[in-house]
Amino acid sequence: MLMRVRERANEVQIELSGVAGRQESVLAALDACQRCISGASSAPASVRVRARADGMQVRLRPSEGEQLDVQEIYRCLRRALIERSRTVLVPRTVG
């Protein structure tokens, strides 16, 4: 899975490719990362998702007067999607 997170105007755009069959996992990761997406506010950011067979585009808009931390969003999603799946795939050794 490849992921690109960038800021454009007043929104954060997340592009994912190689997600075939894992769209639910991506949505779950976005939900789990709600704190970094919403920043310090308790009001959720606006989230728009466009899914294709092997890719997804997500656009996040902050609540009025708030700002999104692009680096924190990237780190949170990376932990939830990429690093966690690597940990699951690593075989455990008995010994």
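As shown above, the structure is provided for reference.
For clarity, every value in this text was computed on a predicted model and none was experimentally measured.

The rules behind each value
Residues numbered from 1 in each chain as written. Predicted model: local features only at pLDDT ≥ 70, side-chain atom pairs only at ≥ 80, totals over all residues. Heavy atoms only, no water. Pairing = 2+ DSSP bridges. Helix = DSSP H or I, 4+ residues; strand = E, 2+ residues; numbered from the N terminus. Axes fitted to C-alpha atoms, helices over the stretch in contact; angles between N-to-C directions. Contact = heavy atoms within 4.5 Å. Salt bridge = Lys/Arg side-chain N within 4 Å of Asp/Glu carboxyl O. Buried < 20%, exposed > 50% of the residue type's maximum accessible area, 1.4 Å probe, protein only. Disulfide = S-S within 2.5 Å. Core = buried A, V, L, I, M, F, W, Y, C linked by side-chain atoms within 4.5 Å.

Enquirer: Where do I start with the sheet that holds strand β2 (residues 11–17) in this structure?
Expert: Either a parallel or an antiparallel arrangement is found when strands of a sheet pair, and the pairing is made through backbone hydrogen bonds. A sheet is described by the order of its strands in space; here four strands give the open sequence β1-β2-β4-β3, paired in antiparallel fashion. Only two strands of the sheet have a single partner each, and these edge strands are β1 (2–8) and β3 (46–51). Along the sheet, successive strands turn relative to each other by an average axial angle of 15 degrees, direction set aside. Across the sheet, helix α1 (residues 23–32) is in contact with β2, β3 and β4 (55–61); its angle to β4 comes to roughly 20 degrees.

Enquirer: Just to check I follow, could you spell out the pattern of salt bridges for this structure?
Expert: Opposite charge on two side chains permits pairing when their charged atoms draw close. Scanning all chains against the criterion turns up six salt bridges. The shortest N-O distance in the salt bridge between Glu11 and Arg61 comes to 3.3 Å. Here Arg61 lies in strand β4 and Glu11 lies in strand β2, a separation of 50 residues in the sequence. Looking at Glu11, the relative accessible area reads 8%, which means it is buried. Glu72 is the salt-bridge partner of Arg79, the closest N and O atoms lying 3.8 Å from each other. Overall, the relative accessible area of 26% leaves Glu72 in the partly exposed class. The network of salt bridges with common partners includes Arg4, Arg6 and Glu15.

Enquirer: Before we go on, may I ask you to explain the state of the cysteines in this structure?
Expert: Working definition of a disulfide: a covalent bond connecting the sulfur atoms of two cysteines. Following the criterion strictly, the structure yields one disulfide and no others. Here Cys33 engages in a disulfide with Cys76; their sulfurs sit 2.1 Å apart. Handedness of the Cys33-Cys76 disulfide follows from its S-S torsion of about -100 degrees: it is left-handed. With a gap of 43 residues between them, Cys33 in the loop between α1 and α2 (34–38) and Cys76 in helix α3 (residues 70–89) connect regions that are remote in the sequence.

Enquirer: I would appreciate a short explanation of the nonpolar core in the present structure.
Expert: The tendency in soluble globular proteins is for nonpolar side chains to be buried side by side. The biggest cluster of nonpolar side chains holds 21 residues, and the ones touching the most others in it are Val12, Ile14, Leu16, Ile73 and Leu77. Mapped onto this core, the elements with two or more residues apiece are β1, β2, α1, β4 and α3.

Enquirer: How should unusual backbone geometry be read in this particular structure?
Expert: It is generally the case that most residues other than glycine have a negative phi and that most peptide bonds are trans. With a phi close to 55 degrees, Ala9 is a non-glycine residue in the positive phi region. Take Ala9: its relative accessible area is 78%, and that puts it in the exposed class.

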